[in-house]
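Listed below, chain by chain, are the residues.
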Amino acid sequence: MRVLGIETSCDETAASIVERDAAGRATILSNVVRSQLEEHAPYGGVVPELAARAHVSHLDRIIAKAAETAGVKLDEVDAIAATAGPGLIGGVLVGLTTAKALAAALGKPLIAVNHLEAHALTARLTDGIAFPYLMLLVSGGHSQFVLVRGVGDYERWGTTIDDALGEAFDKVAKLLGLGNPGGPEVEKMAAKGDPRRFNFPRPLLKEARLDFSFSGLKTAVRLAAEQAAPLTDQDVADICASFQRTVAEIVATRARSALQKYAAELPGQPLRLVVAGGVAANKAIGAALREAAAASGAELIIPPIPLCTDNGAMVAWAGAERLALGSSDRLDISAKARWPLDSEDMGLNHAA
Amino acid sequence: MSLRLLAIDTAAPRLQLALLTGDDADTLVEDMPQGQAERIFPAIDELLKRNGAAYKDLARIAVTTGPGSFTGLRIGLSAARGLGLALGIPVIGVPSLLALSLACRCDAMAVLLDARRNEAYFQLFSGPAIPVGEPAVLAMDEARRRIPPGAEVLTSPFVDIAALARFAATADPAGYPPEAAYIRDADAKPQEKFRVARVPQ
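Residues numbered from 1 in each chain as written. Chains lettered and ligands numbered in written order. Predicted model: local features only at pLDDT ≥ 70, side-chain atom pairs only at ≥ 80, totals over all residues. Heavy atoms only, no water.

With respect to the interface of chain B and chain A
A common measure of how large an interface is: the accessible area buried when the components associate. Basically, it comes down to this: In this description, contact between two residues means that some pair of their heavy atoms is separated by no more than 4.5 Å. Buried area counts how much accessible surface, traced with a 1.4 Å probe, disappears from two parts once they are put together, with both parts' losses summed. Only one rule defines a salt bridge in this text: a Lys or Arg side-chain nitrogen within 4 Å of an Asp or Glu carboxyl oxygen. Numbering of helices and strands starts at the N terminus; helices are DSSP runs of H or I of at least 4 residues and strands are runs of E of at least 2. Residue classes follow a fixed rule: Ala, Val, Leu, Ile, Met, Phe, Trp, Tyr, Cys and Pro count as nonpolar, while Asp, Glu, Lys and Arg count as charged, and any other residue, Gly among them, counts as polar.
Listed by partner, the interface residues are 35 residues for chain B and 45 residues for chain A. When residues of chain B are sorted by the area they lose upon contact with chain A, Leu85(B), Val196(B) and Arg198(B) head the list and together hold 20% of the total. Linking chain B with chain A are three salt bridges. Between Asp60(A) and Arg81(B) there is a salt bridge, and its shortest N-O distance comes to 2.8 Å. Elements supplying a minimum of two residues to the side of chain B that touches chain A: α1 (36-50) and α2 (70-87) of chain B. Considering every element that reaches the side of chain B that touches chain A, the biggest residue donor is α2(B), with 13 residues. Grouping the amino acids of the side of chain B that touches chain A by side-chain chemistry returns 20 nonpolar, five polar and ten charged.

A word on the sheet that holds strand β1 (residues 2-7) of chain A
All names here are of chain A. We count it as follows: In this scheme, strands are said to pair when DSSP sees at least two bridges between them. Between N-to-C directions, angles cover 0 to 180 degrees, with each direction set by a line fitted to C-alpha atoms, over the stretch in contact for helices.
Sheet architecture is open: five strands sit in the order β3-β2-β1-β4-β5, paired in mixed fashion. Since the sheet does not close on itself, it has two edges, and those belong to β3 (26-35) and β5 (110-114), each with one partner. Looking at each pair of strands side by side, their axes are set apart by 20° on average, direction ignored. Bridging between strand β2 (residues 12-20) and β3 involves nine bridges; their strand directions are antiparallel. Each bridged residue has a counterpart across the sheet, and for valine 18 the counterpart in β3 is isoleucine 28. Along the sheet, helix α4 (residues 115-126) contacts β1, β2, β3, β4 (79-85) and β5; its crossing angle with β5, the most-contacted strand, is approximately 95°.

These figures come from the coordinates and say nothing about function on their own.
Here's what the structure looks like:
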């Protein structure tokens, strides 16, 4: 089957066509992403109203391009999948409404995809792994450990109680006057810095829970920066390196605990940790996770970075996984700003 | 068979649809402060069915482009552009103030819509769909001052959806692109204040 996937929940307007064969193997036929970085650059972060405006201006052309690149006519796809949440509601509405229009006019099933589920199932798209597995989602909007038991079947083991990890990178970049998105900028500066010059706090880390907290860390970075101001390039590099070392330690420590819990609760199951979200691109965090996985005897799976950041292929794939199980959604379904993976309506729907 | 056109207006707190077949318009109008995104496709389905029509019979889509509710505009535009893409048919974007001017068979008129914050969306017309100048957002007092003596003043945000459908049936798609005309900018200001001082380069 072939599924069109549409993603508009943050600042990427994306569409993709993915094919899933009877054995569950995936082929990405096209994957078109239009980033809105330039629109938001003057504001030092994503402006929701500007994001929604850009999505509605560009989405139909992005979808047409995805079909053309794939060499597939829109009426040859088997279903239309779109992110229905969670995310910036103005953008989600654009993608979901466009998907409804396509589904209605072409007479195809609509799959309203949870953006987090799309991230969670990406490792099955890229690596074809079986259920269950443990997922660490680290992006600009989310930082959570999720037990992935099956399609629509999730258990959230920990989340952030304040900022997401990607958000922390962005805020640190902003206060240091680096560009946006902050992750790659902080990483670039960190490469030239001394990771031991500053000792930043590691909030919550002494507690047994699997939650994250990055807000206090961000404040500590600000205070250190203000104390050292005016900042030289070396100061900035040292702050970035120290901050990055700290978050890598936090993530690795939590990953070890999460894997321990997994081993205890799912004895006999292979230990697998899947990473998703844009922060997976950070090499220091990747290295720390590799170490943590190795120490726990777990396999670490990090999909290619263009499939870790927001994209249409993961949405198309999640749609294909749901369609293969006979699940689809009605055209009166609502877009959701908030939609936790373990909420009740994550189960399979047999509406159509 | 005569040309079938589907017209959509979600710029105001109302879902308005019209199916034009030749010169006959069947309309579906429902007041709703919210919920247009959930209701629009079931409603289109009802409208098509009761006219014995299907999506593939449509030759054109028309949609209002604003000004109006930002979210409402995007629901209408996303639906219209999605249908246009799926069916390979033109989508006519009709500016909302121009669409409102279709309701008055008069020579001189001002369309003046409450834009909140004591402002108005404002445009003058010398006849239905014959604009004098561009749509603008003005201080309410200023908008009122600009109403020419003797001009009709239209203040309802609700388009006559059948009139809109008839207008769009013959409009040149090249002159009416389906791009939102918000008129009012997004509230967004560059943020500098959180930045820690750097040594000058």
